[in-house]
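Chain by chain, the residues run as shown.
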Amino acid sequence: MGGKTSKECRSILNSGEEDQVEIFGYRRNPVKLVLTWISIICTCGIVRLIFYWMRHWMLQCTHSLCTLEHADYVLLKNTYDQWFVCKVKSLRTDAERARRTAATEQRPSVPSVSESVDSSVVYPKENGKFEGVDDIRYFDDRRIRYIWNTESKAFVRLLGLDQHLSAEYFQTCSPLNSSEVQQRRLLYQSNEINIEVSPIIKILFKEVLNPFYIFQIFSISLWFSYGYYYYAGAILITTLCSLALTVHQLRKMQQMLQERAHAEETVTVCRPGAQTETVGSEQLVPGDIIQIPALGCQVLCDVILIAGSAIVNESALTGESVPVTKTAIPDCSGPFGIKEYQRHMVFSGTRVLQTRYYANEPVRAVVLRTGFATNKGNLIRSIMYPKPVDFKFYRHTYYFIIVLAAIALCGLIYSAILRAMRGQAVSEIIIRSLDVITIAVPPALPAALSVGIIYAQRRLQKNRIFCLSPRSINICGSVNLICFDKTGTLTQDGLDMKCVLPSQKSSFEEAITNPKEMPSSRIKDCMVACHSLTVIQGQTCGDPVDLIMFNSLSWSLMEPDVNEEARFDLVAPTLVTGPKCDTESDTIGIIKDFPFASSLQRMSTVIRRVKDEEFSYLMKGSPEKVITLCLPDTVPDNYFEQLESFTRHGDRVLALAWKPLNKMRLVKIQKLLREDLDKEMIFLGFVVMENRLKTDTKSVLEQIHNANIRTVMVTGDNMHTAISVARDCGMIRKWDDVHIITAGETNVFWTQAERPVQSFSLSIGSADKISSPTEIINLPTIHGAVSGESFSRIRSDHPQVLKKMLAHGTVFARMSPNEKERLVEDFQEAGYFVAMCGDGANDCGALKAAHAGVSLSESEAAAAAPFTACTGSIGCVPEIIKEGRAALVTSFGIFKYMAGYSLTQFFSVIVLYSIATNFSDLQFTYVDIFQVLILSATFGRSKAHPHLSRTPPPTSLITFVPLFSLFSQVIIVFGFQLAAFFIAYLEKDSTSYENMYANGGGTPPFFSKENFAVFAVSSFQYVWLALAFAKGPPYRKILLKNRIFCLTALGMVAFDMFLLLGPTEPMKWLLELQVPELWNRKLTFLFLAFCNGIIAILFEKIVVDYVIFRKLGTRFKFLRNVRTHQDVTRDLLNTMPDDWWHELERKPLGQLPQQGSFVIAPPLATTSSTAALTENAV
């Protein structure tokens, strides 16, 4: 394909975005189509089945590469090397089809078709305009529509009104007429997040065509043709049960997702001529103007307010049940962007609690995005089409199956040659030889691998931890770095008021610990009037920080009753009054507010005292940001020293500022933008609140550190507050060094944040003179801390410093949601297995990007994370890691067991083929159903070990230890099988196979002493393999705790002894056993079986686990095949050049930067010395 590809035949969609795809155009080729169908017919549909699994192969075999403009189909390839085939359709054809459908369904009472269905096609242009065109070519890919742009000659993503739009549009937009609505609905489809629940028969058909079930059908058909009716029937029953369970789970998941996504509302839509129409929410299209009722509703599309304001609850998207006030978009010019105008947006999935409107004008909003293009639609899409899990273990299972298939091929050739030498018919040779493949490649392997995951998922659910992506459980077993959000995750959501530190005439005054005693002042005005609080059902609600600050002064918030129309025209819709309001001087009206924006790190309001004539502008926000907007002569000289004195103790600090709006009229104020006001502010002082840790934070982090897992804090809070909290919770020890780096455009400046507490204690002398054994040397570790601004600069301009930052960074402060996501991705690219734990929508991107995202919120935004914990505590993180490690070890064990079982049975059959015989029907049934299936099902019931080991489990199958373990066991098995076989074979008597069946046909019955010898010994071997591969500590509890598995294994050993030593006549007849009459022969086989068991178990526990993995693995790390965070850090630092630190400039201790900062180790001379330090100190 690469030779034919040209610029016209391929393109890039969504360039630079998360869902970037490469697109190729294809057109039907009649010659290739005919040849392909001939091959399908000649292979009885086998080629078509392969094409069903690989749809892009079908496209490439029946179509030819062409320009995208003339393509009938497009082939998409995403960044994860996944292929998607989409049919290019015509919007004109869809419109004509809609006309015909309407004509056939038309009733007498319905208007004519030409009136009811407008078949004209419109193309979206800039600034909300639509142009009539003859046709639009499009395709749909994973619920997103792409349309052909005739100007750029490329497919582009169909957007709503959120792109290529000016803010002036909303001042002049008008209601849509019925024709415009129909045209846009044809283009944008219905406003529904529709999750189809597939019919059972459809799900069943898709699952049956899965390669696993196709192989099962092939195997069952082969066994039936071979005369193994009982065995084939038993496998068929288990396959049907597995299929039914899979269909049930898939349908249940679809139903759950549908319930989460589906919603309906009745909406009032504005129409031309001051008319309104009541329609269902699914009929809305971009550009519709809707009315939001006074008592609220659920909004099912993304809209922007153009009149009035609304109080909304965005907890479904953000996880924070804090009412947010949304206001109408102001009259302004310039390009429109969702991020810039977010305070005027109401997103799909949020609930409007109540609205406020003025002059009897209803609250109106313009629909911007509908369906899957909305914020909620994107979240549902991320659940429906998650990022593929790329885990070494899963990739290696496929490689190993190929190895087993190669071994099976050798057995097939061997069997075919033997049967050909015996002169058997060709059909018999083919059927009997193919049986070897069904034995060597276990068809139940995929199902068996999910056993440990299923048990782990159930145990997590009992702890109120829910998993949407079960495959992520195994990945959790490899986690070696965890990123934690701070507020609400490590610390409590609530804060306690500590003090107020006023500033007058460029100097700080004495701190006020009881704000109620504060005299009337501007800083007091700022505390009671600079907030976004509101009254809902008589209760003051809003941001917790605003509530704490407001309630500390015991003031009251009053709003007009929405049912009192006489108060709609009040200048100040919100009033705050003092506790002893005898005069109107203690009443303040909030005229206008600019809500908090994380990108701006501040909020502000315009206020006026009732008796004053002038307005005032108040501001509060992060100290680092507010100081840049204040007049320099109003800021105390010791500003940063005071700030640092609070943040070092982990306090939350807000800076307050104000300025008078002299001789400014209300009309002008209402039109002013935030940018016009945010300058020349007068600094007022600090408000300081205590940020307390959650009760279990320290103990949980200590448990994680003891497990040798690195922890990192990623927060939007102040740098020094974050460092202090990191010290308090134990993420940074009291004697460790913390360095801060500020990244400029050309250089990176580093400085020591603080003097660590020295903790060096050393006793020198002979051992008998040391009175106390408590003398310890605590070597300091270097921790990095960086702000979001510096992180972005380092990422773009200083790639070598980025490596150092990833190696030593512990605190990442003032990080935006996008920067959190980029950080997680950088850690992953460096080689870490990353978990992310957060509690809100700000962490949503990072939660999705991490190998294991753990959400402490049940919001829809956080539902995109693989794990959701209802406990609200980070204690769920070690539990998930424990279960992940247990599940991973279980998957390793079951894989080795299933591979060992297949090879054991394969060698048994190959040995018996040498004398033209095989196991009987019920012998296969006994082994596969009553032994292997039951042992596999109970294998994973072992619970996770209560303590986390310092060493994570291996993640790769194709390494020395697992391969050595498996093939050593296979050699042991094969050796004892051969011993038993030759003991029986070399002793010729009437029970020998060649004497009982002189024709050597190998057809039932299978009575022979060789058959009995191999069957009797191998029956024990399946139990020994399970016991050998069933690991206990340090990742799972000891095997005896898994009582069901142990009792099952014990029962099977007892039953095997019964079959060997004294089976009843009916049992002999059923299993076709030729039991030796001599007891010494029976005891010989029993001795071989138990010797096999003792050697197998001792070899696995002593040689493999203890000698090779534990002892030699400490010296030769390739034997362990585990990646600790120290290993990743060392490899990362070894890739750095010797002169990497030339970009750094050192600043003296205490000279703190006013902008972004990062902590890093002092420059070291060589990368080798850096790696040495890292190994011992990180």
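Residues numbered from 1 in each chain as written. Predicted model: local features only at pLDDT ≥ 70, side-chain atom pairs only at ≥ 80, totals over all residues. Heavy atoms only, no water.

**Student:** What exactly am I supposed to notice about the overall build of the protein here?
**Tutor:** For the protein, the count of helices and strands is 40 helices and 43 strands. Looking at the 1178 residues of the protein, the share that counts as buried comes to 54%. Looking at the protein alone, contacts between residues at least 24 apart form 73% of all its contacts between residues at least 6 apart. Total accessible area on the protein stands at roughly 51700 Å², and carbon and sulfur atoms take up 56% of it. (Helix = DSSP H or I, 4+ residues; strand = E, 2+ residues; numbered from the N terminus. Buried < 20%, exposed > 50% of the residue type's maximum accessible area, 1.4 Å probe, protein only. Contact = heavy atoms within 4.5 Å. Areas by Shrake-Rupley, 256 points an atom, 1.4 Å probe, with all protein chains shown as cover.)

**Student:** Would you mind showing me how to read a positive patch on the surface here?
**Tutor:** A cluster of basic side chains, namely Arg458, Lys462, Arg941, Lys943, Lys1041 and Arg1043, defines a positive patch on the protein surface. Among the secondary structure elements, arginine 458 is positioned in helix α16 (residues 451-462). (Patch = residues over 30% accessible without salt bridge, like charges linked within 9 Å, V, L, I, M, F, W, Y side chains within 5 Å. Salt bridge = Lys/Arg side-chain N within 4 Å of Asp/Glu carboxyl O. Lys, Arg positive; Asp, Glu negative; His and termini not counted. Charge placed at Lys NZ, Arg CZ, Asp CG, Glu CD.)

**Student:** Help me understand the pairing of strand β29 (residues 574-577), please; the structure alone is not making it clear to me.
**Tutor:** Along any regular strand, the residues point their side chains to alternate faces of the sheet. Residues of β29 alternate between two faces, with Thr574 and Val576 on one and Leu575 and Thr577 on the opposite face, all of them buried. Both strand β28 (residues 556-558) and β29 contribute to a ladder of 3 bridges, which runs antiparallel. Directly across from serine 556, in β29, lies its bridge partner threonine 577. (Pairing = 2+ DSSP bridges.)

**Student:** How should I be thinking about the pairing of strand β11 (residues 154-157) in this particular structure?
**Tutor:** Taken together, the 4 bridges between strand β10 (residues 144-149) and β11 define a ladder with antiparallel strand orientation. For isoleucine 147, the partnering residue across the bridge sits in β11 and is valine 156. Linking two consecutive strands that pair antiparallel, namely β10 and β11, is a turn of 4 residues; a positive phi of about 55 degrees is found at lysine 153 within it.

**Student:** It is not clear to me how the sheet that holds strand β17 (residues 309-313) should be interpreted in this structure. Could you clarify?
**Tutor:** The pairing of strands in a sheet happens through backbone hydrogen bonds and is either parallel or antiparallel. The antiparallel open sheet is built from 4 strands, whose spatial order is β15-β20-β17-β18. Two strands in the sheet have a free side with no partner beyond their single neighbour: β15 (297-298) and β18 (323-327). Across 5 bridges, β17 lies against β18 in antiparallel orientation. Paired with valine 312 across the bridge in β18 is valine 324.

**Student:** Help me understand the environment of valine 197, please; the structure alone is not making it clear to me.
**Tutor:** Along the chain, the position of valine 197 falls in the loop between α7 (178-188) and α8 (200-208). Classification of valine 197 by relative accessible area gives partly exposed; the value is 23%. Residues valine 197 and glutamine 255, spaced 58 residues apart in sequence, show a C-alpha to C-alpha distance of 6.1 Å. Beyond its immediate sequence surroundings of up to four residues, valine 197 is in contact with Arg251, Gln254, Gln255 and Gln258.

**Student:** Sorry if this is basic, but what is going on with the pattern of salt bridges here?
**Tutor:** Between side chains of opposite charge, a pair can form when the charged atoms approach closely. Taken as a whole, this structure holds 39 salt bridges when the rule is applied. In this structure, arginine 271 and glutamate 277 form a salt bridge, with 2.9 Å as the shortest nitrogen-oxygen distance. Among the residues examined, glutamate 277 registers a relative accessible area of 35% and is labelled partly exposed. Here lysine 820 ties to aspartate 485 by a salt bridge, and the two come within 3.5 Å at their closest N and O atoms. Here lysine 820 is found in helix α28 (residues 817-830), whereas its partner aspartate 485 is found in the loop between β23 (481-484) and β24 (496-504), with 335 residues between them in sequence.

**Student:** Hey, could you run me through unusual backbone geometry in this one?
**Tutor:** Leaving glycine aside, a negative phi is the common case for residues, and trans is the common case for peptide bonds. Going from proline 1033 to proline 1034, the amide bond is cis rather than trans, its omega being 15 degrees. Structurally, proline 1034 can be placed in the loop between α34 (1009-1029) and α35 (1043-1061). Residue asparagine 127 is not a glycine yet carries a positive backbone phi of 60 degrees. Looking at where asparagine 127 falls in the secondary structure, it is placed in the loop between β7 (121-124) and β8 (130-133). The phi torsion at lysine 153 lies on the positive side, around 55 degrees, for a residue other than glycine. As for its placement among the helices and strands, lysine 153 is situated in the loop between β10 and β11.

**Student:** Please explain the packing of helix α1 (residues 30-42) against helix α2 (residues 46-53) as it appears in this structure.
**Tutor:** The geometry of a pair of packed helices is captured by two quantities: the angle between their axes and the separation between those axes. Viewed as axis vectors pointing N to C, α1 and α2 meet at an angle of 115 degrees, and their least axial separation amounts to 6 Å. Between α1, through Thr36, Trp37, Ser39 and Ile40, and α2, the contact on the second element is made entirely by Val47, Arg48 and Phe51. By residue class, the composition of the contact of α1 with α2 is 4 nonpolar, 2 polar and 1 charged. (Axes fitted to C-alpha atoms, helices over the stretch in contact; angles between N-to-C directions. Nonpolar A, V, L, I, M, F, W, Y, C, P; charged D, E, K, R; others polar.)

**Student:** Please clarify how a nonpolar patch on the surface should be interpreted in this entry.
**Tutor:** On the surface, Phe960, Ile1094, Leu1098, Ile1102, Tyr1106, Val1107, Leu1112, Phe1116 and Phe1118 cluster together into a nonpolar patch covering about 820 Å² of accessible area. Relative to the helices and strands, isoleucine 1094 resides in helix α37 (residues 1079-1115).

**Student:** For this particular structure, what's the right way to read α34?
**Tutor:** Owing to its 3.6 residues per turn, the α-helix brings residues three or four apart onto one side. Compared with an ideal rise of 1.5 Å per residue, which puts 21 residues at 30 Å, α34 spans 30 Å between its outermost C-alpha atoms and is within 8% of the ideal. Of all 21 residues that make up α34, 21 are buried, and the element is covered over most of its length. (Expected span 1.5 Å × (residues − 1).)

**Student:** Where do I start with the nonpolar core in this structure?
**Tutor:** The nonpolar side chains of a soluble globular protein tend to be buried, and buried together. Ranked by internal contacts, the top residues of the largest apolar core, which has 136 residues, are Ile482, Phe484, Phe867 and Tyr897. Examining the composition of this core, we find that 21 residues originate from one element, helix α30 (residues 876-913), more than from any other. (Core = buried A, V, L, I, M, F, W, Y, C linked by side-chain atoms within 4.5 Å.)

**Student:** Explain the sheet that holds β11 here, please?
**Tutor:** Taken in spatial order, the 4 strands of this open sheet run β6-β9-β10-β11, and their pairing is antiparallel. The two strands at the open ends of the sheet, each matched to only one other strand, are β6 (89-90) and β11.

**Student:** Help me out: how do you make sense of the environment of arginine 157 in this one?
**Tutor:** Checked against the element boundaries, arginine 157 lands in strand β11. Given a relative accessible area of 23%, arginine 157 falls into the partly exposed group. Between the alpha carbons of arginine 157 and isoleucine 144 there is a distance of 7.5 Å; along the sequence they are 13 residues apart. Of note is the side chain of arginine 157, whose polar atom sits 2.9 Å from the side chain of aspartate 19. (Polar contact = N/O pair within 3.5 Å; in protein donor to acceptor, adjacent residues only side chain to side chain.)

**Student:** Even after reading the chapter, I still don't get the environment of serine 699, so can you show me in this structure?
**Tutor:** Along the chain, serine 699 falls in helix α24 (residues 697-706). According to the relative accessible area criterion, serine 699 is partly exposed, its value standing at 43%. Expressed as a C-alpha distance, the spacing of serine 699 and glycine 875, which sit 176 residues apart in the sequence, is 8.8 Å.

**Student:** What is the right way to look at the packing of α35 against α37 in this model?
**Tutor:** Where α35 meets α37, the closest approach of the two axes is 10 Å, and the angle between their N-to-C directions is 155 degrees. By the angle between their axes, α35 is roughly antiparallel relative to α37. Seen along the crossing, α35 lies across α37 with a hand that is right-handed. When α35 is examined against α37, the residues Val1053, Met1057, Leu1060 and Leu1061 are found in contact with a partner set consisting of Trp1079, Lys1082, Leu1083, Phe1085, Leu1086 and Phe1090. For the contact of α35 with α37, a count of residues per class yields 9 nonpolar, no polar and 1 charged. (Parallel < 35°, antiparallel > 145°, perpendicular 65-115°, else oblique. Left-handed = near helix turned anticlockwise from the far one by under 90°.)

**Student:** I tried to follow the confidence of the model for the protein on my own but got confused; where do I start?
**Tutor:** In low-pLDDT regions, the fine details of the predicted coordinates are not to be read closely. Residue-level pLDDT values for the protein average 83, and 87% of them are 70 or greater. When pLDDT is averaged over each helix and strand of the protein, the minimum, 32, is found for helix α40 (residues 1167-1177) and the maximum, 96, for β23. Under a pLDDT of 50 for its full length, residues 759-776 has, in the predicted model, 15 contacts with residues more than four places off or in other chains. (pLDDT = per-residue confidence, 0-100.)

**Student:** Just checking my understanding: could you explain the packing of aromatic side chains for this structure?
**Tutor:** Two aromatic rings are characterised by how far apart their centres lie and by the angle between their planes. According to the stated counting rule, one finds 44 aromatic pairs in the structure shown. With centroids separated by 5.4 Å and ring planes inclined at 80 degrees, the aromatic side chains of tyrosine 169 and phenylalanine 170 adopt a geometry described as edge-to-face. We classify tyrosine 169 as buried; its relative accessible area is 12%. A ring pair is formed by phenylalanine 907 and phenylalanine 974, whose centres lie 4.3 Å apart and whose planes are at 25 degrees; its orientation type is stacked. Of the two residues, phenylalanine 907 sits in helix α30 while phenylalanine 974 sits in helix α32 (residues 960-985), which places them 67 residues apart along the sequence. Classification of phenylalanine 907 by relative accessible area gives buried; the value is 18%. Overall, phenylalanine 974 belongs to the partly exposed group, its relative accessible area being 27%. (Phe/Tyr/Trp six-rings, centres within 6.5 Å; stacked < 30°, edge-to-face > 60°.)

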